[in-house]
Amino acid sequence: MRCIILAAGRFDDAHKKRIAEQLEPRLDVFELERVLGADVLDYRAVDASRNPAVKLAGRLGGPSAALAVIGFQARAKYDTFFTTGEDIGLPLAALMKTARSKSSHTMIAHTLFPQKKRVFFKLGVGSQLDQVLVYSTSEEKLATEVLKLPPSHVQRLYYHADEQFFRPGLATIEPDLICAAGQLLRDYDCLVEAVRDLPVRVQIAAGSPWIDKTLGPSQPLPKNVTWGKLDRHALRGLYSRAAIAVVPIKQNHYQTGIATILEMMAMGKCVIATRTHGQTDTIVDGKTGIYVPPADPHALRAAIQRMLDNPAQAAEIGAAARRFIEENAGLDLFVKKTVAALKTGDELRRAS
């Protein structure tokens, strides 16, 4: 099976070097490349291209659309395409439909909820998607019940954390330290209000490896709250020292915060997270984490106080969270299930 991975981002040898030095977690793209013997194209291919069609796609739809064009132009070389998100996968499927390509295509769908993405399915691109991998039951229902993809073409699997990089016991826990991390749709105003005047220290690592724009606080911070972006190694250290972890999220239909939540769970932390429309399937309230309602600083404050006042319960929840990662959401298991999905997609395409 000749496979090509079209990946959103820029993944170079320097990135591989940092992973080898254990300064960053292993990356799913690199692990799949290794296991499959696949070729990988990312935004660097867009940067280097002088092809007029690629340039036009980049101007109209950004680097993901341009990467889809590059993949389409190379379709004769490959049996199987794997796209790391619908931003690449949907344009590629639309292009493949025009050529009646015989290559199979497995796509990760982070969220198909926005209307601009659903338009692609009105154009019939579903026929060019042999496997769609989703991370939540809400996305699975959207794909099968609203977008009418065959259930056999949709698989729900857990997102992942590198269970080797993110692991418990790397530092002494500081009983008054709370950590929070991530950037997309974070409700840090809610967290700041929740911890105001509490006898705790809160460190907010506001950032994302996938977002270039810096996120700053929207209001003056109380003395017990610090704010700043951390690299992955320093972030792991923060997770390890924290007594509990918080992921406050604004209400939305996307599984926002899932990477951060799983990293914290892999570290054996009791995670307090916002239960949004899209944040499902990972935390079992009271067992592998704690859910609080959106935009409710009083509920968040109560949950924080309850866990700090009951460190044995927080430790028990953290241990259950780690077991969940090992059994369901580790990187190695994600790679294994993704490879199986690619093979299933290839079989479905050959049978069609």
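Our structure's up above, just so we're on the same page.
Residues numbered from 1 in each chain as written. Predicted model: local features only at pLDDT ≥ 70, side-chain atom pairs only at ≥ 80, totals over all residues. Heavy atoms only, no water.

Draft legend 1. Geometry of the overall build of the protein chain. On a plain count of helices and strands, the protein chain comes out with 13 helices and twelve strands. When the backbone C-alpha atoms are referred to their principal axes, the protein chain occupies close to 65 × 40 × 35 Å. Looking at the protein chain residue by residue over its 352 residues, the buried ones come to 52%. Look at the contacts in the protein chain between residues 6 or more apart in sequence, and 71% of them connect residues 24 or more apart. (Helix = DSSP H or I, 4+ residues; strand = E, 2+ residues; numbered from the N terminus. Buried < 20%, exposed > 50% of the residue type's maximum accessible area, 1.4 Å probe, protein only. Contact = heavy atoms within 4.5 Å.)

Draft legend 2. Summary view of the pairing of strand S8 (residues 201-205). Here five bridges tie strand S7 (residues 174-181) to S8, and the two strands are oriented parallel to one another. Each bridged residue has a counterpart across the sheet, and for Leu177 the counterpart in S8 is Arg201. One ladder, built from three bridges, connects S8 with strand S9 (residues 225-227); its direction is parallel. Across the sheet, the residue bridging to Gln203 is Thr226, located in S9. (Pairing = 2+ DSSP bridges.)

Draft legend 3. Broad picture of helix H9 (residues 232-241). When H9 is considered as a whole, its buried residues turn out to be Arg232, Leu235, Arg236, Leu238, Tyr239 and Ser240. On its buried face, H9 is in contact with S7, S8, strand S10 (242-247) and helix H10 (258-266). Where H9 begins, the side chain of Asp231 points an oxygen toward the backbone nitrogen of His233, at a separation of 3.2 Å. (Polar contact = N/O pair within 3.5 Å; in protein donor to acceptor, adjacent residues only side chain to side chain.)

Draft legend 4. Broad picture of the sheet that holds S8. If you walk across this open sheet you meet the six strands as S9-S8-S7-S10-S11-S12, and the pairing is parallel. Among the strands making up the open sheet, the edge pair consists of S9 and strand S12 (290-292). Recorded for the sheet is a direction-independent mean angle of 20° between the axes of neighbouring strands. Against the sheet, H9 makes contact with S7, S8 and S10, and its axis sits at roughly 135° relative to S7, the strand it touches most. Against the sheet, H10 engages S7, S10 and strand S11 (271-274), with an angle of about 160° to S10. (Axes fitted to C-alpha atoms, helices over the stretch in contact; angles between N-to-C directions.)

Draft legend 5. A look at unusual backbone geometry. Its identity is not glycine, yet Asp197 carries a phi of approximately 70°, on the positive side. Along the chain, Asp197 falls in the loop between helix H8 (188-195) and S8. Owing to a relative accessible area of 69%, Asp197 belongs among the exposed residues under this scheme. Here Asp281, not a glycine, exhibits a phi torsion of approximately 80°, which is positive. Position of Asp281 among the secondary structure elements: in the loop between S11 and S12. Judged by its relative accessible area of 24%, Asp281 is partly exposed.

Draft legend 6. Quick peek at the packing of helix H4 (residues 52-73) against helix H5 (residues 86-99). Orientation of H4 relative to H5, taken along the N-to-C sense of each, is 40°, at an axis distance of 8 Å. Taken together, H4 and H5 sit at an angle that is classed as oblique. Between H4 and H5 lies a crossing whose hand is right-handed. Residues Ser64, Ala65, Leu67, Ala68, Val69, Gly71 and Phe72 of H4 pack against Asp87, Ile88, Pro91, Leu92, Leu95, Met96, Thr98 and Ala99 of H5. Looking at the contact of H4 with H5 residue by residue, the classes come out as eleven nonpolar, three polar and one charged. (Parallel < 35°, antiparallel > 145°, perpendicular 65-115°, else oblique. Left-handed = near helix turned anticlockwise from the far one by under 90°. Nonpolar A, V, L, I, M, F, W, Y, C, P; charged D, E, K, R; others polar.)

Draft legend 7. The arrangement of the packing of aromatic side chains in detail. Tallying each qualifying case throughout the model produces eight aromatic pairs. With centroids separated by 6.5 Å and ring planes inclined at 40°, the aromatic side chains of Tyr135 and Phe334 adopt a geometry described as tilted. Here Tyr135 is found in the loop between strand S5 (131-134) and helix H7 (137-146), whereas its partner Phe334 is found in helix H13 (residues 331-351), with 199 residues between them in sequence. Across the pair, Phe334 and Tyr135 agree in class, each one buried. An angle of 85° between the planes, with centres 5.1 Å apart, marks the rings of Tyr158 and Phe324 as edge-to-face. Of the two residues, Tyr158 sits in the loop between strand S6 (154-156) and S7 while Phe324 sits in helix H12 (residues 311-329), which places them 166 residues apart along the sequence. Relative accessible area serves as the criterion here: at 11%, Phe324 is assigned to the buried category. Put simply, the rings of Tyr135, Tyr159 and Phe334 touch in pairs and so form one group of aromatic residues. Looking at Lys16, its charged tip hangs above the ring of Phe30, at a distance of 5.0 Å from the centre. One residue, Arg118, lies across the ring of Phe113, its end atom 5.0 Å from the ring centre. (Phe/Tyr/Trp six-rings, centres within 6.5 Å; stacked < 30°, edge-to-face > 60°. Lys NZ or Arg CZ within 6 Å of the ring centre and 35° of its normal.)

Draft legend 8. Up close: the nonpolar core. In this structure, Tyr239, Leu262, Met264, Met265 and Val271 are the most contacted members of the largest nonpolar core, which totals 52 residues. Apart from residues no more than four positions distant in its own chain, Met265 is found in contact with Val271, Thr282, Ile283, Thr288, Gly318, Ala321, Arg322, Phe324 and Ile325. Ile244, Ile272, Val292 and Ile317 belong to the second largest nonpolar core, which has 26 residues in total. (Core = buried A, V, L, I, M, F, W, Y, C linked by side-chain atoms within 4.5 Å.)

Draft legend 9. How the structure looks around the pattern of salt bridges. In total, this model carries 22 salt bridges according to the counting rule given. Between Lys117 and Glu86 there is a salt bridge; the shortest N-O distance is 2.6 Å. You can see Lys117 sitting in helix H6 (residues 115-122) and its partner Glu86 sitting in helix H5, a full 31 residues away along the chain. For the salt bridge of Glu263 with Arg232, the shortest nitrogen-to-oxygen distance reads 2.7 Å. With Glu263 in helix H10 and Arg232 in helix H9, the pair connects residues that are 31 residues apart, well separated along the chain. Pair check on accessibility: Glu263 and Arg232 agree, each one buried. Members of the salt-bridge network, linked through shared partners, are Arg26, Glu31, Arg34, Asp162, Glu163 and Asp332. (Salt bridge = Lys/Arg side-chain N within 4 Å of Asp/Glu carboxyl O.)

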